[in-house]
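# Working through the structure, step by step
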Amino acid sequence: MFGALIRIDSVTKRYPDGTVAVDRLSLEIPDGAITVLVGPSGCGKTTTLRMINRMVEPSEGSILIDGVDSRQQPVNTLRRSMGYVIQNAGLFQHRTIIDNIATVPRLLGWSKDKSRARARELMDRVGLDAALAKRYPYQLSGGQQQRVGVARALAADPPVLLMDEPFSAVDPVVRKGLQDELLRIQDELGKTIVFVTHDIDEAVKIGTMVAVLRTGGRLAQFAPPAELLSSPADAFVEDFLGADRGIRRLSFFSSAGLDLLTAPIVAVDASAQQIAARAGAGAPYLLVTDVDGRPLGWSEPDRLTAGRVDASRLLSHGRPFAAGRDSLRAALDCAVLSPTGWAVAVDGEGRAAGVVSQQAIAEAIRGAHQDSAGRTEVLR
Ligand SMILES: Nc1ncnc2c1ncn2[C@@H]1O[C@H](COP(=O)(O)OP(=O)(O)OP(=O)(O)O)[C@@H](O)[C@H]1O
Ligand SMILES: [Mg+2]
């Protein structure tokens, strides 16, 4: 589906003191996708990233960009084709936000007006309020600074973005926002992104391909996230993925195949007959909705009084999942958290699309495993 834009071909980096930071690493980094390098501290992630734009020169092996050996290209041309983003954004403290973002266009000889217009456009693209343009970096939050770092790296529209733990210094909530934003930007702009992290959850979330490195700069596995979770290459990768990889893998299966029941759903103004008819619908509880069909909560059928349901006496329906759009993991989570053991699915407008039991979800999970492996797969 993708061509390889960057080909790392049996590259070794030996620092002058003899440290082998990267050991015969080969990777084909796909065009227009996010490739994540992940692994424990000191495993050679930063060294690998810096060899791509020649901030560090390989000791052995070669790196091809679009088929051309990176050593054949003038280093300035090479670096200009690759935006670089680091932890804590690395902004120029004495420059305003807008001038930070306009740095590379200015270096390329664009006029001040054109550079600033481009910077404004990028602020919008990365979700920064235009009012921040005239501030200095210290007047921004960590998350905002990271956005400026991304905008600055994108300013000259380079085909490649190199990102070294760009979101590690921000809190989990901001981090999730930045990850979502990066996925959205990637979707819109189709850049080739090489992203370094030591966080396997981040790698699995944003990577199209994930390279797991082990200490000594050796490649342990290079695979799409779903494959990493289903078939770790060895005990090191399995360990690194953590204990709940079976659950996390469910993020890659759609909830679209779930059989949603609509019979156990009643509106808050339902008549006695409607309630009675639904009481035998195959679920121990009925989901009560408002008159527009939005879920209010669960009730045992015989506790419902026709025409006047006391919403405060309903059992919470928890957080529903988006039918077909959310994953089996989201559906399972809903069911597990639901006091009735049943998950509620909603449509795009938040109206109840159906309900599904834990048991039905478990069956769908088994089916998904079989489909993905072409055989019954035993989760290790
Ligand atoms: N300039 C250098 N001289 C000597 N050794 C170095 C140099 N830079 C890095 N190293 C060593 O190379 C190895 C890989 O370092 P690198 O910075 O690439 O790791 P990393 O995976 O990015 O780690 P972290 O997750 O901590 O950022 C480490 O053992 C490090 O100490
Ligand atoms: Mg590093």
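The paragraphs below set out a description of the structure included in this document. (Residues numbered from 1 in each chain as written. Chains lettered and ligands numbered in written order. Predicted model: local features only at pLDDT ≥ 70, side-chain atom pairs only at ≥ 80, totals over all residues. Heavy atoms only, no water.)

## Quick look at the pairing of strand S9 (residues 209-214)
Defined as follows: Note on exposure labels: buried denotes an accessible area under 20% of the residue type's maximum, exposed denotes more than 50%, and partly exposed covers the range between, all computed with a 1.4 Å probe on protein chains only. Only runs of H or I of at least four residues qualify as helices and only runs of E of at least two qualify as strands under DSSP, and these elements are numbered from the N terminus. Any two strands between which DSSP finds at least two bridges are classified as paired.
Of all 6 residues making up S9, 5 are buried, and the element is well covered by its neighbours. Here 4 bridges tie strand S3 (residues 34-38) to S9, and the two strands are oriented parallel to one another. The partner of Val 38 across the bridge, within S9, is Val 212. Relative to strand S10 (residues 218-223), S9 runs antiparallel, the two being bridged by 5 bridges. Counted as the bridge partner of Val 212 is Gln 221 from S10.

## A closer look at the packing of aromatic side chains
Our working rule: Working definition: a ring pair exists when centres of Phe, Tyr or Trp rings (six-membered ring for Trp) sit within 6.5 Å. Plane angles under 30 degrees give stacked, over 60 give edge-to-face, the rest tilted. For a Lys NZ or an Arg CZ to count as sitting over a ring, it must be within 6 Å of the ring centre and within 35 degrees of the ring normal.
Here the structure, examined in full by the defined rule, presents 2 aromatic pairs. Centre to centre, the rings of Phe 236 and Phe 240 are 6.1 Å apart; their planes meet at 15°, and the pair counts as stacked. Taken together, the positions of Phe 236 and Phe 240, both in helix H10 (residues 235-241) and 4 residues apart, correspond to about one turn of that helix. Here Lys 114 stacks its cationic end above the ring of Trp 110, 4.2 Å away from the centre of that ring. One Lys or Arg, Arg 152, reaches over the ring of Phe 92 and ends 5.0 Å from the middle of that ring.

## Section: the environment of Val 160
Rule in force here: Contacts are assigned to residue pairs with any non-hydrogen atoms lying within 4.5 Å of each other.
Inspection of the secondary structure assignment puts Val 160 in strand S7 (residues 160-164). Assessed through its relative accessible area of 2%, Val 160 is described here as buried. Sequence spacing of Val 160 and Ser 62 is 98 residues, and the spatial spacing of their C-alpha atoms is 18 Å. Not counting residues up to four positions away in its chain, the partners in contact with Val 160 are Leu 5, Ile 6, Ser 81, Met 82, Gly 83 and Thr 192.

## Here's the deal with unusual backbone geometry
One can expect most non-glycine residues to show negative phi and most peptide bonds to be in trans. We note that Arg 54 has phi near 65°; this positive angle belongs to a residue other than glycine. On the secondary structure map, Arg 54 appears in the loop between helix H1 (45-52) and strand S4 (60-65). What makes Arg 54 buried here is its relative accessible area of 15%. With a phi close to 55°, Asp 157 is a non-glycine residue in the positive phi region. Position of Asp 157 among the secondary structure elements: in the loop between helix H6 (142-154) and S7.

## Details of the sheet that holds strand S15 (residues 342-346)
Keep this limit in mind: In this description, a line fitted to the C-alpha atoms serves as the axis of each element, helices being fitted only across the stretch in contact, and the angle between N-to-C directions of two axes falls anywhere from 0 to 180 degrees.
Strand order across the open sheet formed by 3 strands is S14-S15-S16, with mixed pairing between neighbours. Two strands lie at the open edges of the sheet, namely strand S14 (321-322) and strand S16 (352-357), each paired on one side alone. Direction of pairing for S14 relative to S15: parallel, over a ladder of 2 bridges. Considered in S15, the bridge of Ala 322 is made with Val 346. Taken strand by strand, helix H13 (residues 328-337) contacts S14 and S15, and its axis lies near 130° from that of S15.

## Some remarks on the site of ligand 1
Quick reminder of the rule: Residue proximity to a molecule or strand is established when one non-hydrogen atom of the residue lies within 4 Å of it. Throughout this description, a polar contact denotes any pair of N or O atoms lying within 3.5 Å of each other; where both atoms belong to protein, one of them has to be capable of donating a hydrogen while the other can accept it, and for residues adjacent in sequence the pair is counted only when both atoms sit in side chains. Computed by Shrake-Rupley with a 1.4 Å probe, the accessible areas treat only the displayed protein chains as cover when residues are assessed. Throughout, the ten residues Ala, Val, Leu, Ile, Met, Phe, Trp, Tyr, Cys and Pro are labelled nonpolar, Asp, Glu, Lys and Arg are labelled charged, and all others, Gly among them, are labelled polar.
Close to ligand 1 lie Tyr 15, Asp 17, Thr 19, Ala 21, Ser 41, Gly 42, Cys 43, Gly 44, Lys 45, Thr 46, Thr 47 and Glu 165, which account for all nearby residues. The separation between an oxygen atom of ligand 1 and a polar side-chain atom of Thr 47 is 2.5 Å. Protein coverage of the free-state accessible area of ligand 1, which is 630 Å², stands at 61%. Ranked by residue count, the leading element in the shell around ligand 1 is H1, at 3 residues. Across the shell around ligand 1, the residue classes break down as 3 nonpolar, 6 polar and 3 charged.

Read these as spatial facts, not as claims about activity.
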